[in-house]
Amino acid sequence: MRGKLITIEGTDCSGKSTQLELLCKRLEREGADFLKIAFPRYDSESSALVRMYLGGAFGENVASVNAYAASSFFAVDRIASYLREWKDYLENGGTVLLDRYTTSNAIYQASKLPESERAAFCDWLFDYEYNLLGLPEPDAVIFLDMPPDCAERLMSRREGGEDIHEKDKDYLKTCYRAAGALADKYSWKRILCAENENIKSIEEIHAEIFDTVSRVLTEGNHNA
């Protein structure tokens, strides 16, 4: 029996990595068995094209690589990880928690396209990754809804250089709007990370995520 696949999604500086780390620590304390995977797999050879793309090797503008080509870069990294690291574990009933997944392509790459073309792109993307490549569909996508103005405040405190996505603030705002539309269309589980431009505490957000994940893990049947 296949286990549960849960994806944590959100635009830049929504706190995905921090929240996933807190979730994992709590699950460990409670004796849960799970596997955590973060995409892209920057330490893996399979992410070479992703690293080149985000580093500006194909152009400093996000539009330098079209949505379909860039999606393929990320998809290759995912399928390599799936086949080598967590396919058997998931198929044998394990719980896999993901920081980003196919759904990130739906957010970031669809945002390069006119709104009128995004639905067709997402249809292509999900068919490509889930059906043609054979990646498993997530049982739940948890969307950390962090408004762009709040995300910018957090990003300004972060150390390290920005990739080509992070440098383009207008693009990130487009991605946020696209993510909200996707969350509504595909019934992602939305966690509001701010109220009236006031960012919620890490603990508040964690509590909502943990409650959501607990419900998903106790669901009896896999929802394809």
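Bear in mind the structure is a predicted one, so any value in this text is a computation, not a measurement.

1. Some thoughts on a nonpolar patch on the surface
Part 1 of the reasoning: Residues Leu 49, Met 52 and Phe 58 make up a contiguous nonpolar surface patch of roughly 240 Å² in combined accessible area.
Part 2 of the reasoning: Counting through the fold element by element, Met 52 comes out in helix H2 (residues 48–54).

2. A word on the pairing of strand S4 (residues 140–145)
It is a general feature of regular strands that their side chains alternate between the two faces of the sheet.
Part 1 of the reasoning: The element S4 is extensively covered by neighbouring structure, given that six of its six residues are classed as buried.
Part 2 of the reasoning: Of the two faces of S4, the one holding Ala 140, Ile 142 and Leu 144 and the one holding Val 141, Phe 143 and Asp 145 are both buried throughout.
Part 3 of the reasoning: As paired elements, strand S1 (residues 5–9) and S4 share four bridges and run parallel to each other. The residue bridging Ile 6 from the neighbouring strand is Ala 140, located in S4.

3. What about the environment of Ala 120?
Part 1 of the reasoning: Along the chain, the position of Ala 120 falls in helix H5 (residues 115–132).
Part 2 of the reasoning: Sequence separation of Ala 120 and Ala 110 is 10 residues, and the distance between their C-alpha atoms is 9.4 Å.

4. Points about the packing of aromatic side chains
Part 1 of the reasoning: With the rule as written, the count across this model stands at 15 aromatic pairs.
Part 2 of the reasoning: Ring centres of Tyr 68 and Phe 121 lie 5.1 Å apart, and the angle between their planes is 80°; on these two criteria the pair is classed as edge-to-face. One end of the pair, Tyr 68, is in helix H3 (residues 67–91); the other, Phe 121, is in helix H5, and 53 residues separate them in sequence.
Part 3 of the reasoning: Within the aromatic cluster, the residues linked to one another by ring pairs are Phe 39, Tyr 82, Trp 86, Tyr 101, Phe 126, Tyr 130 and Tyr 186.
Part 4 of the reasoning: Cation over ring: Arg 26 sits above Phe 210, and NZ or CZ is 3.6 Å from the ring centre.

How each quantity is defined
Counting restarts for each chain, with residues numbered from 1 along the sequence as it is written. Since the coordinates come from a predicted model, pLDDT governs what is reported: local features require at least 70, and pairs of side-chain atoms require 80 or more to be given and counted, while whole-chain, interface and lining totals use all residues. Excluding hydrogens and water, the side-chain values take into account all heavy atoms of the structure. Residues forming no salt bridge and having over 30% relative accessible area are the ones grouped into patches, like charges within 9 Å of each other and nonpolar side chains (Val, Leu, Ile, Met, Phe, Trp, Tyr) within 5 Å. Residue exposure ignores everything except the shown protein chains as possible cover, and the areas themselves are Shrake-Rupley values with a 1.4 Å probe. By convention in these notes, a salt bridge is any Lys or Arg side-chain nitrogen within 4 Å of a carboxyl oxygen on Asp or Glu. In this text, helices come from DSSP runs of H or I with a minimum length of four residues, and strands from runs of E with a minimum of two, each type numbered from the N-terminal end. Think of it in three bands: with a 1.4 Å probe and only protein chains considered, a residue is buried below 20% of the maximum accessible area for its type, exposed above 50%, and partly exposed in between. When DSSP locates at least two bridges between a pair of strands, those strands are taken to pair. Only Phe, Tyr and Trp rings take part, Trp by its six-membered ring, and two of them pair if their centres are within 6.5 Å. Stacked means planes under 30 degrees apart, edge-to-face means over 60, and tilted covers everything else. Throughout this description, the term charge over a ring refers to an Arg CZ or Lys NZ atom that lies within 6 Å of the ring centre and within 35 degrees of the ring normal.

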